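Report on the structure
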Amino acid sequence: MHNHSVPASYHRVTAVGSAQRLTTSEQRQSIIDTMTACIQNAEKQDRSVKKWLGVMEENASSEFKPFIQLIIRWQNQTEFYLNQAKSELIKMGISIPAEVEQQSGEYNRY
């Protein structure tokens with residue numbers, strides 16, 4: 001899971017930085033391209049994080065399950081915020097490649 005959560009975080013932070021640049025009137029295509037690629041990469045990594053969190057939860061002893069479920073809720077919230085950011089970009093007229101528009105994981109599991 002760690003092999004996917006670190007890259008997902010990196011891409012999320014880079015996407016946020018790109019979005020902040022766009023909100024300050026920078027409009028270079030390279031910023032938009034970086035942002036959309038990072039959103040896409042974060043979603044891809046998030047799918048793997050969710051997969052491995054499920055494996056961890058299934059195989060954890062009962063004393064660790066509540067902690068893993070808390071991590072799953074944090075992950076769900078993180079994915080929710082990324083999805084909200086995507087929606088805002090679309091409202092701004094920034095097109096998101098079709099692959100990015102796929103939902104990544106479950107949002108209401110816990």
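Residues numbered from 1 in each chain as written. Predicted model: local features only at pLDDT ≥ 70, side-chain atom pairs only at ≥ 80, totals over all residues. Heavy atoms only, no water.

Time to look at the layout of surface pockets. There is about 260 Å³ of room inside the largest pocket. As for the largest pocket, its lining consists of 14 residues, and the residues nearest its centre are Ala-15, Val-16, Ala-19, Ala-85 and Leu-89. Elements that contribute at least two residues to the lining of the largest pocket include exactly helix H1 (2-23), helix H2 (29-59) and helix H3 (65-91). Take the lining of the largest pocket: its biggest share by element is six residues, from H1. (1 Å grid on protein atoms, 1.4 Å probe; cavity = no way out; pocket = protein on both sides within 12 Å on 5 of 7 lines; lining within 4 Å. Points joined across faces, edges and corners; volume = space filled by probe spheres on them. Helix = DSSP H or I, 4+ residues; strand = E, 2+ residues; numbered from the N terminus.)

For soluble globular proteins, the rule of thumb is that nonpolar side chains tend to be buried together. Core analysis: the biggest nonpolar cluster contains 12 residues, these being Ala-15, Leu-22, Ile-31, Ile-32, Met-35, Cys-38, Ile-39, Ala-42, Leu-82, Leu-89, Ile-94 and Ile-96. Those elements that provide at least two residues to this core are H1, H2 and H3. No other element matches the six residues that H2 contributes to this core. Filtering out sequence-adjacent residues up to four positions away, Ala-15 remains in contact with Met-35, Cys-38 and Ile-39. (Core = buried A, V, L, I, M, F, W, Y, C linked by side-chain atoms within 4.5 Å. Buried < 20%, exposed > 50% of the residue type's maximum accessible area, 1.4 Å probe, protein only. Contact = heavy atoms within 4.5 Å.)

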